[in-house]
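# Structural description and commentary
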Amino acid sequence: MPAEHATALVLRCVDFSESSLIVTLFTREFGKIEALAKGAKRLKNPFDSALDLMCLCRIVFLRKASEALDLVTEAKLLRRFRCPGGDLAPLYAGYYVAELLRDLTARYDPLPELFDLAEAAFQGLSRGQPVWRWVFRFELGMLRLLGHIPSLETCVVCGRSVQAAVRAAFDPVQGGVVCPSCRTSQPQGSQTLTVDQGFLRSTAVLADPGHPAADRIELDPARRGQLRHLLNQVIVNLLGRPPRMHAYLPLMMHEADRRKTLAGNREKDLRPLPEGSLPQECSPGGGTKG
Ligand SMILES: [Zn+2]
């Protein structure tokens, strides 16, 4: 059984025994893996405190046959997720990115571009960049890389371009925009919204991780609300249920409101997540050494 080397993001760590952890990692080279880290909770261990939620690390692991857990034998910490200024929104957004990676990717399906996007999101969030923009960029970029991005330019029913229309109907259940003639001939889904070309263009920029304007595009609150509504539908349809971190999206999406609340009622806003609400079972920065 040859030892494999990989760069990995830690998506989850759960106790396996008094001394060991089971970790879910998203690796650049192999995609998602699940592995046992023997002795990770001991004071002396070969994991360099790297097996913490949202850490970036280099790992050595033994790949097991079939459904058995892999065995991670070494880890070296490259970067830890930092929560800027005691603000919980970037942290929750990081949990959300980890949850989507965990629940929407398959084991041993390498997606290096998705790895790079997640790594960029963790870095941007750690640096205090706007949370709403990274949440949208990650959701849309991930949908694009997984082949689930809604159609933004051509009608999902007839395939004709909608770019000449000032406004278009967007049906998240059908998977994108619907042209005016199909809109009148088709029954309208209850989730259908009317959107304008500016909305569609901004969404296309946010969905393209390599777009030069992706890291500075602005969306007014009305368009953010529209995009949030549409993405919620698309992601819930894909997963068959709402992601656990969707409960905290209002906190992540409304920068100005959040700053006001933070300033006005710091204690209330900084209370910990309720029991069982975290998508992961260990917190970032908490020791895996016990
Ligand atoms: Zn059409």
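As the structure is a computational prediction, the values presented were derived from the model and not from experiment.

## Here we look at the overall build of the chain
Each helix and strand counted, the chain has nine helices and eight strands in total. Per-residue burial over the chain gives 37% buried out of 290 residues.

## Here we look at helix α5 (residues 197-206)
Every buried residue of α5 is listed here: F199, L200, S202, T203 and L206. Angular distribution of buried residues about the axis of α5 spans 165 degrees; they occupy a single face of the element. Along its buried surface, α5 packs onto α3 (131-145), β6 (167-171), β7 (176-178), β8 (193-196) and α6 (221-239).

## A look at unusual backbone geometry
Phi angles above zero are rare outside glycine, and S49 is one such case at about 55 degrees. Its location among the elements puts S49 in the loop between β3 (31-37) and β4 (56-62). Here the phi dihedral of M54 falls at roughly 70 degrees; this positive angle occurs in a residue that is not glycine. In this structure, M54 sits in the loop between β3 and β4. Of the residues examined, M54 has 25 C-beta atoms within 10 Å and is grouped as buried.

## A closer look at the sheet that holds β3
Strands sit in the order β1-β2-β3-β5-β4 around a closed barrel of five strands; the barrel is mixed. This sheet shows a mean twist of 50 degrees between the axes of neighbouring strands, independent of strand direction. Examined bridge by bridge, strand β1 (residues 3-15) and β4 share seven bridges and lie antiparallel to one another. For H5, the partnering residue across the bridge sits in β4 and is V60. Sitting on the sheet, helix α1 (residues 88-104) touches β1 and β2 (21-27), and the angle it makes with β1 is about 110 degrees.

## Quick look at the environment of V173
Among the structural elements, V173 can be located in the loop between β6 and β7. The spacing of V173 and Q191 is 18 residues in sequence and 7.4 Å in space, taken between C-alpha atoms. Setting aside its immediate chain neighbours within four residues, V173 contacts G189, Q191, Q233 and N237.

## Description of the packing of α1 against helix α2 (residues 112-126)
At their nearest, the axes of α1 and α2 sit 9 Å apart, and the two run at 170 degrees to each other. When the axis of α1 is compared with that of α2, the two are roughly antiparallel. Contacts between α1 and α2 involve P90, A93, G94, V97 and L101 from the former and A118, A121, F122 and L125 from the latter. Taken together, the residues of the contact of α1 with α2 sort by class into eight nonpolar, one polar and no charged.

## Quick notes on the pairing of β1
Bridge count for β1 against β2 is seven bridges, and the pairing is antiparallel. Pairing of C13 across the sheet is with V23, part of β2.

## Remarks on the pairing of strand β5 (residues 70-79)
When β3 meets β5, the two strands line up parallel, connected through two bridges. Looking across to β5, one finds that A35 is bridged to D70.

## Digging into the sheet that holds β7
The sheet built from three strands is open, its strands ordered β7-β6-β8 with antiparallel pairing. Across the chains shown, the open sheet's two edge strands, defined by having one partner strand only, are β7 and β8. Averaged over neighbouring strand pairs, the angle between their axes works out to 50 degrees when direction is ignored. When β6 meets β8, the two strands line up antiparallel, connected through four bridges.

## What about the environment of E99?
As for its placement among the helices and strands, E99 is situated in helix α1. Along the primary structure E99 and M245 are separated by 146 residues, whereas in three dimensions their C-alpha atoms are 7.7 Å apart.

## Remarks on the packing of α1 against α3
For the pair α1 and α3, interaxial distance at closest approach is 10 Å and the crossing angle is 5 degrees. Taken as axis vectors, α1 and α3 run roughly parallel relative to one another. Contacts from A89, P90, A93, Y96, V97, L100 and L104 in α1 reach V131, W134, V135, F138 and M142 in α3.

## A look at the confidence of the model for the chain
In this model, the chain carries an average pLDDT of 87, and 88% of its residues clear a pLDDT of 70 or more. Taken together, the stretch residues 279-290 has pLDDT below 50 and engages in 38 contacts with residues farther than four places along the chain or on a different chain.

## Some words on α1
Since the α-helix advances by 3.6 residues per turn, residues separated by three or four positions end up pointing in the same direction. The first and last C-alpha atoms of α1 sit 24 Å apart over 17 residues, in line with the 24 Å expected at 1.5 Å per residue. The buried count for α1 comes to 14 of 17 residues, which makes it a mostly enclosed element.

## A short note on the nonpolar core
Counting residues in hydrophobic clusters, the biggest one holds 79 residues, and the most contacted among them are V10, L25, L51, A93, V97, A118 and V135. Examining the composition of this core, we find that eleven residues originate from one element, α1, more than from any other. A domain-level breakdown of this core finds at least three residues from each of domain 1 (1-80) and domain 2 (83-149 + 207-278). Every residue in contact with L25, bar those within four places of it in the chain, is listed here: A8, L9, V10, L11, I33, A35 and I59.

The rules we used
Residues numbered from 1 in each chain as written. Predicted model: local features only at pLDDT ≥ 70, side-chain atom pairs only at ≥ 80, totals over all residues. Helix = DSSP H or I, 4+ residues; strand = E, 2+ residues; numbered from the N terminus. Buried ≥ 20, exposed ≤ 12 C-beta atoms within 10 Å, placed from the backbone. Arc of directions from axis to C-beta. Contact = placed C-beta atoms within 7 Å. Pairing = 2+ DSSP bridges. Axes fitted to C-alpha atoms, helices over the stretch in contact; angles between N-to-C directions. Parallel < 35°, antiparallel > 145°, perpendicular 65-115°, else oblique. Nonpolar A, V, L, I, M, F, W, Y, C, P; charged D, E, K, R; others polar. pLDDT = per-residue confidence, 0-100. Expected span 1.5 Å × (residues − 1). Core = buried A, V, L, I, M, F, W, Y, C linked by C-beta atoms within 7 Å. Domains from an automatic or database assignment.

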